[in-house]
Amino acid sequence: MKSQKLGFRYLCQLALKYLPLIAVLMILVAIDSATYSYVSMFIKYIIAVLDGEIVNTTLPSFITNIFDSGETVILKVIYASIGLALYQIIRGAMKFFTGCYRQIIGETISKNIRKEMYEHIQNLSYSYHNNVDTGDLIQRCTTDNDVIKNFLSMQLPEVVSTFSILIFAAYQMASINITLMLVSLIIIPISLTMSIIYCVYVEKKYTIIEEEEAKLLTIIQENLSGVRVVKAFANESFENEKFMRQSKKYSDLNLALNKKSALFWGFNDFLSMAQYLFVTVISIYLAMTSTTINGSDIIALLMLVGSFIWPVRGLGRMIGECGKSFVAAGRIKEILNYKSEYTNDSKNTPVITGQISFNNVGFKFDDTDEHLLSNLTFDIKPGETIAIIGKTGSGKSTVAKILERFYDYQEGSITLNGNELKNINKKYVRTQVGLILQEPFLYTRTVYDNIAITNPDATESDVTKVAKISAIEKDIKSFEKGYDTLVGEKGTTLSGGQKQRISIARMLLQDKPIFIFDDSLSAVDTETDLMIRTAIQKKEHKSTMIIITHRITTAKQADKIIVLENGTASQIGTHETLSKTEGLYKKLWDIQGAIEKEFMEMLDEGGSKVC
């Protein structure tokens, strides 16, 4: 119910926002509906003339005077027929214009909602995206958006059209016979009551159906994204069963709703036909027992009844669509109500050269009271290479995300060149701190595009330069199309090491003062790892590097090593110092030392390959 109220308010906001456009559309459909009621008057005139009856219509006198100018019955009928044809041509042209205008309004509203949604989702926090279902977001941006578009450009004007038809049809019928007018309108309160009941039912069921459809889309999206994992475990049958269970649940809910809809529309059709029969019988009876109506009146009355019975019948569909629209609008507004992470963001953009200081920093996630980081303290000088190691879950990656301002710390202080991190503009921080993740995301574009995407102004020489630094150029040249090689979805055509090195290259293209490698060298061999880091350090502008790693052979090359345990820095020092001091680092070095020895022997045999 809360979602529906939210949706109703959002639809009202949209209606007010696009009021001039929607108001013009409503006037057009109201005029179209009003003018249709006069078609029956043209027919009534022709029948009356042919039957020799007294002509009595609501057509303007200047029009009937033209028709009456015919000297014979045939001429009068011909004049009236030509008049009706011209009248319908004008109505047809107006209908065409109204239809085009309706589509323009619908697409304008839809495009603007998509734009607003997409921009807003881009600006939501990292923690929000960590906890949301992608399939659900896609559905809200597409299906729910279309429901709102149809409501504002189709259903809402149709409601106006229906009432316009009712008012003018009632006016025309009253000019013929007030009793028959009242008889003809009996169906309206019955149909309206049924429609409201149906709307309430549809609204409840549609909410559930939308949720189940979102789950179905999420299953599809996850399965397609993780297809390699599914195949690696020969888990296709399990995934198929999971999909079919959710698909059946979604289908069953739709079928249940459709059954109720069939009953509603069936009974509505019965009422409509019964109304036709009732009006016909009463009209014939009055024609036989009195002189108040004649044959032309009966034909005009039946045409007028037909003009509003079907729109009134469709009122149930329109009200039902209103219920769906409230649900869809509520789901979209629910996303838009989430605050952007840049709300009340600082405008401070100080010079950052790579000096970082953590002072008794404490951090915990919103869904727990237990601190992941506690009293974390260390300093990093500009241009230093720092390695952070620790057990899984010790908070290494969290340190990187805090420095990127994906998360904000609750205790202590973090400063960049003496400026409190929380007081620096988030977007500016991310232009100064480069984060290279273990699992990089590549776009379905060329290798060149994937590198240059972080800097639209980069030249070809800039791209090849960073490709050399990240030790990926040799691989690129081995591809048949080189830099123009199309990368598969999420980089599926490349190896893990190639994807990591391309992600490193595109980050280096921005030449940031601080680079964080969050286990992003895990998929390359030790020699390539050292080559990349050495090449980065030989750049003209030396950057501060923070390397988060499980590989001791990588950590030992750093100027300083920080060991994270129990949310704090249990050890800080160089490899020479920590490898001889009892603690976690020494334990890890004792295990991995053999690999280091083997690597050094390889260098001795083949000569130094690092330049």
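Each remark here, short or long, concerns the structure printed above.
### What about the pattern of salt bridges?
Here comes step 1: This model, assessed by the stated rule, comprises 22 salt bridges.
Here comes step 2: Note that glutamate 158 and arginine 102 form a salt bridge whose closest N and O atoms lie 3.6 Å from each other. Taken together, the positions of glutamate 158 in helix H8 (residues 143-176) and arginine 102 in helix H5 (residues 73-122) put the pair 56 residues apart, joining distant regions of the chain.
Here comes step 3: Two residues, lysine 426 and glutamate 341, come together in a salt bridge whose shortest N-O distance is 3.7 Å. Of this pair, lysine 426 sits in helix H16 (residues 426-432) while glutamate 341 sits in the loop between helix H14 (315-336) and strand E1 (356-363), placing them 85 residues apart in sequence. Glutamate 341 shares its class with lysine 426; the two are buried.

### Description of helix H18 (residues 460-469)
Here comes step 1: Those residues of H18 that fall on the buried side of the exposure criterion are Val463, Thr464, Val466, Ala467 and Ile469.
Here comes step 2: At the C-terminal side of H18, alanine 471 shows a positive phi close to 60°.

### Notes on the packing of helix H2 (residues 19-36) against H8
Here comes step 1: Their axes nearest at 8 Å, the elements H2 and H8 cross at an angle of 35°. For the pair H2 and H8, the sense of crossing is right-handed. Seen from H2, the contacting residues are Ile22, Leu25, Met26, Val29, Ala30, Ser33 and Ala34; seen from H8, they are Leu152, Ser153, Leu156, Pro157, Val160, Ser161, Ser164, Ile165 and Phe168.
Here comes step 2: Among the residues making up the contact of H2 with H8, the classes are represented as 12 nonpolar, four polar and no charged.

### Re the nonpolar core
Here comes step 1: Ranked by internal contacts, the top residues of the largest apolar core, which has 44 residues, are Phe67, Met173, Ile176 and Phe308.
Here comes step 2: Looking at this core, the elements with two or more residues in it are helix H3 (39-51), helix H4 (61-68), H5, H8, helix H9 (178-184), helix H10 (187-225), helix H12 (236-289) and helix H13 (295-313).
Here comes step 3: Among the elements that take part in this core, H13 stands out by supplying eight residues, more than any other.
Here comes step 4: Ignoring any residue separated from it by four or fewer positions in sequence, one finds isoleucine 176 in contact with Met41, Lys44, Ile293, Asp297, Ala300, Leu301 and Leu304.

About the criteria used
- Residues numbered from 1 in each chain as written.
- Predicted model: local features only at pLDDT ≥ 70, side-chain atom pairs only at ≥ 80, totals over all residues.
- Heavy atoms only, no water.
- Salt bridge = Lys/Arg side-chain N within 4 Å of Asp/Glu carboxyl O.
- Helix = DSSP H or I, 4+ residues; strand = E, 2+ residues; numbered from the N terminus.
- Buried < 20%, exposed > 50% of the residue type's maximum accessible area, 1.4 Å probe, protein only.
- Axes fitted to C-alpha atoms, helices over the stretch in contact; angles between N-to-C directions.
- Left-handed = near helix turned anticlockwise from the far one by under 90°.
- Contact = heavy atoms within 4.5 Å.
- Nonpolar A, V, L, I, M, F, W, Y, C, P; charged D, E, K, R; others polar.
- Core = buried A, V, L, I, M, F, W, Y, C linked by side-chain atoms within 4.5 Å.

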